[in-house]
Amino acid sequence: MITADVVKTRNFILSNDIVQHRVGNRTAAYNRLLGGLFFLDDAANDLLMEFKRSLPVPERVLGNEARTRKEELIQQLIARRVLVETTKPEITFENEEVEKKVNIIQLILANACNFGCTYCFEGVQGKEMSAEEEADKVDESRIIAKDAIKVNIEDSIYASKERFEHQYSPQNRSMKPEDGISYVTSALNVARSEGVREVMIQFFGGEPLLNWRTIRAVLEHFGRGEREDIIINYSTVTNGSLITDEVAKVFAEFEVAVCVSVDSPNSPSRPLKNGDDSMPTVMQGLRLLQKYKNRIAINAALTSSTWDDFNESIVDLAVDVGAKEIGVVVDFDPTFYSEYGADNIVEHLWRVVKYGRTKGVVLTGYWHQIFQVMLGFDTVSHRGFKNCSAKGAQFSIEPNGSVFACKAGSTLLGNILDESKILNDSPYLEHAGLRRDNPEFCNGCEIEGFCGGLCLGPLEKKFDSIGAVEVSACDFYRGITRKHIEAIQPFEIATFNLQPV
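Since we're looking at a predicted model, the values are computed, not measured.

All right, on to the sheet that holds strand E9 (residues 231-238) then. What the 10 strands build is an open sheet, ordered E13-E12-E11-E10-E9-E8-E7-E14-E15-E16; its pairing is mixed. Two strands close off the open sheet at either side, each with one partner strand: strand E13 (362-364) and strand E16 (412-415). Taken pair by pair, the neighbouring strands of this sheet meet at an average axis angle of 25 degrees, ignoring direction. Taken together, the 6 bridges between strand E8 (residues 198-204) and E9 define a ladder with parallel strand orientation.

Moving on, we come to the pairing of strand E4 (residues 35-40). With 6 of 6 residues buried, E4 lies mostly within the body of the structure. Residues Gly35, Leu37 and Phe39 point to one face of E4 and Gly36, Phe38 and Leu40 to the other, with burial holding for every one of them. Sheet analysis places strand E3 (residues 26-31) next to E4, joined by 4 bridges and oriented antiparallel. Within the sheet, the bridge partner assigned to Ala28 lies in E4 and is Phe39. Turn length for the E3-E4 hairpin, with the two strands adjacent in sequence and antiparallel, is 3 residues. Across 2 bridges, the pairing between E4 and strand E17 (residues 495-496) is parallel.

Another point: the packing of helix H1 (residues 42-50) against helix H3 (residues 69-79). Packing of H1 against H3 leaves a shortest axis separation of 11 Å and a crossing angle of 65 degrees. At the point where H1 passes H3, the crossing takes the right-handed sense. On H3, the residues touching Ala44, Leu47 and Leu48 of H1 are Lys70, Leu73, Ile74 and Leu77. For the contact of H1 with H3, the residue count by class is 6 nonpolar, no polar and 1 charged.

What follows is about the packing of helix H13 (residues 366-375) against helix H18 (residues 471-487). Packing of H13 against H18 leaves a shortest axis separation of 9 Å and a crossing angle of 50 degrees. For the element pair H13 / H18, the angle class is oblique. Classified by chirality, the crossing of H18 by H13 is right-handed. In this structure, H13 contributes Trp367, His368, Ile370, Phe371 and Met374 to the contact, and H18 contributes Phe476, Tyr477, Ile480, Thr481, His484 and Ile485. Residues of the contact of H13 with H18, tallied by class, amount to 8 nonpolar, 3 polar and no charged.

On to the nonpolar core, then. In terms of nonpolar packing, the biggest core is built from 114 residues, with Leu349, Leu363, Phe395 and Phe476 touching the most fellow members. With 7 residues, helix H12 (residues 342-358) is the single largest residue contributor to this core. Those residues in contact with Phe476 that lie beyond four places of it in its chain are Val330, Tyr337, Ala342, Ile345, Val346, Leu349 and Trp367.

Next up on the list: H12. The first and last C-alpha atoms of H12 sit 25 Å apart over 17 residues, in line with the 24 Å expected at 1.5 Å per residue. Within H12 the residues assigned to the buried category are Ala342, Ile345, Val346, His348, Leu349, Trp350, Val352, Val353 and Gly356. Of the residues trailing H12, Gly360 is marked for its positive phi of about 75 degrees.

This prediction gives the protein a mean pLDDT of 87; 86% of its residues lie at or above 70. In this model, residues 121-154 is a region of pLDDT below 50 whose contacts with residues beyond four sequence positions or in other chains number 84 contacts.

Cut-offs used in this document
- Residues numbered from 1 in each chain as written.
- Predicted model: local features only at pLDDT ≥ 70, side-chain atom pairs only at ≥ 80, totals over all residues.
- Heavy atoms only, no water.
- Pairing = 2+ DSSP bridges.
- Helix = DSSP H or I, 4+ residues; strand = E, 2+ residues; numbered from the N terminus.
- Axes fitted to C-alpha atoms, helices over the stretch in contact; angles between N-to-C directions.
- Buried < 20%, exposed > 50% of the residue type's maximum accessible area, 1.4 Å probe, protein only.
- Left-handed = near helix turned anticlockwise from the far one by under 90°.
- Contact = heavy atoms within 4.5 Å.
- Nonpolar A, V, L, I, M, F, W, Y, C, P; charged D, E, K, R; others polar.
- Parallel < 35°, antiparallel > 145°, perpendicular 65-115°, else oblique.
- Core = buried A, V, L, I, M, F, W, Y, C linked by side-chain atoms within 4.5 Å.
- Expected span 1.5 Å × (residues − 1).
- pLDDT = per-residue confidence, 0-100.

Have a look at this one:
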């Protein structure tokens, strides 16, 4: 393969981190830690397999002077780290200095909600609201006391009892506008201190629109970051019931990505507090978002409560309201995976994914982000996280200024106003240490470099550790990722052919 007159060479061999899947008449391959998914035809794959033993490569090829298609392919294989120099060790992120980059600032606007969802992620429940309260977008009348909550904190699969006690403190019900501005100011200072130049501010809850005045205050004060020397993007997850002309117009003005939670047009799992069907109210909100040409996504849950109702109808709804994306939260309860079985869950979800593709609607979620990160090469370096932003890339800020890694997490990272301390304390550093490194159990997994495992909250609650693995979910994550790989067509990703086409 290499001419005899080559003098200066370096030896390369097939990486131990290569993963391959047969897809049609081609082979899909990638580095399981860095990604860079690509296709090879049979001749190109045969060339790759020659490097199961160490082979010399001319230094001129390493200097980008390729004379043949084979040499061009070798350049690509080296660049994608599926061929590695024999004398150099394989990739490892152990003992690397922890990156302290915060890319996402999540504001918990209100620890309350006007819905009574049967599978409530947050565990925030409360009293039914009067017509006068519904019309009044000022918040205090809706911020409920802990004794009105209708969930058993002890039974939650998410945050610990101590976290919920903190969450439902009377001093931690609603974020004041002046506090929201102060918290974002501090969070931006922290982000900039480590060289971050673009962030996402998420308006979250409970139901964030219970606190419209603080959302509006933050948007109007910070804009898109023009005065902050940083680019600011915005998003929100809302149940859609409190959207008005004013809300829709302001969201459009500041380009807030609006994710509206709807499991199915016919699902009984998201009733109003009085038990009434929420869909008529939600549809009014979606129509207002359409009216002002907002960027809309649908947020749906695939859980034991929604299993029978999660189907193609959610795609039809997305098409109807102009949403090009459906974010699907697959149940974070570990028992879901053992009860329904990974293969069954994969097939149930994939049926809707395929239907969405026929309608121009993409289904995304933590499970899909694994595939998205894999498509790029070393995406985590600039994205800041795998599929879980809570591992070093996110501050979730409560109304009282307390910072957690996410809404479901139990570990208090500190107070956002204590800017100089929070990134250097062990709670944050332990979370950020998982940005790259998974627990030892994950070593060798085909999706190790892109998967952060099940939601941080249930893991921390169940194992009292953020470095734990819920094994029952692993087969689902691997299975749905393989489905995405198998669905790719040649030339949708980098495709290398040595055979005549």
